[in-house]
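Structural overview
The primary structure of each chain is shown beneath.
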Amino acid sequence: MNRLRTIDVALDEMLVNLAAIVLRLSKPEMTRTPAARRALAQSVHQYAVCANRSSDPHVHELKSRLEQTLKPSLRIIAKDGVKVS
């Protein structure tokens, strides 16, 4: 049983490291092309599949952060018909 716990902890550590890599690659300057965005979406999806099996709360928090990178950033460009910077 102790060996399984050791493997579980090692997998969680690898997931945390993988999330750090994908977060670095999710920066806007890295995902300018449609192909790069698709690759990011695939990486985030694959991470989420693995993270769902983890019991580590940090892995789940990173999963949420990664999923947020796929959502388009919204900004207000006008308020009451007046352009806002």
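Analysis parameters
Each chain carries its own residue numbering, running from 1 in the direction its sequence is written. Predicted model: local features are reported for residues with pLDDT of at least 70 only, side-chain atom pairs are reported and counted for 80 or more only, and whole-chain, interface and lining totals are derived from all residues. Side-chain numbers here rest on the full set of heavy atoms in the structure, without hydrogens or water. Take the buried Ala, Val, Leu, Ile, Met, Phe, Trp, Tyr and Cys residues and link them wherever side-chain atoms come within 4.5 Å; each set so joined is a nonpolar core. Burial classes follow relative accessibility: with a 1.4 Å probe on protein chains only, a residue under 20% of its type's maximum area counts as buried, one over 50% as exposed, and anything between as partly exposed. Strands here mean DSSP runs of E at least two residues long; helices mean DSSP runs of H or I at least four residues long; both are numbered from the N terminus. Contact between two residues is taken to exist if any of their heavy atoms lie within 4.5 Å; hydrogens are not considered. Here a salt bridge means any side-chain nitrogen of Lys or Arg lying within 4 Å of a carboxyl oxygen belonging to Asp or Glu. Patches in this entry comprise residues that are over 30% relatively accessible and not in a salt bridge; like charges within 9 Å are linked, as are nonpolar side chains (Val, Leu, Ile, Met, Phe, Trp, Tyr) within 5 Å. Values of accessible area rely on a 1.4 Å probe in the Shrake-Rupley scheme; residue burial ignores everything except the protein chains shown.

One finds Leu-15, Ala-19, Val-22, Leu-23, Leu-40, Val-44, Tyr-47, Ala-51, Val-59, Leu-62 and Leu-66 forming the largest nonpolar core, which totals 11 residues. Going through the elements one at a time, helix H1 (2-25), helix H2 (34-51) and helix H3 (57-69) are the ones with two or more residues in this core. Discounting chain neighbours no more than four positions away, the residues touching Tyr-47 are Leu-15, Val-16, Leu-18, Ala-19, Val-59, Leu-62, Lys-63 and Leu-66.

To continue, consider the pattern of salt bridges. Side chains bearing opposite charge may pair, as long as their charged atoms lie close to each other. Counted according to the given criterion, the structure contains 1 salt bridge. Across the pair Arg-5 and Asp-8 runs a salt bridge whose closest N-O atoms are separated by 3.4 Å. Of this pair, Arg-5 and Asp-8 are both found in helix H1, 3 residues apart, which corresponds to roughly one turn of the helix. The exposure class assigned to Asp-8 is partly exposed, which follows from its relative accessible area of 25%.

Looking now at a nonpolar patch on the surface. Residues Met-1, Leu-4, Ile-7, Leu-11 and Met-14 make up a contiguous nonpolar surface patch of about 600 Å² in total accessible area. Along the chain, Ile-7 turns up in helix H1.

Quick look at the environment of Val-16 now. With respect to the helices and strands, the residue Val-16 is situated in helix H1. Take Val-16: its relative accessible area is 23%, and that puts it in the partly exposed class. It is 18 Å that separates the C-alpha atoms of Val-16 and Ala-41, two residues lying 25 residues apart in sequence. Discounting residues that sit within four places of it in the chain, Val-16 has contacts with Tyr-47, His-58, Val-59 and Leu-62.

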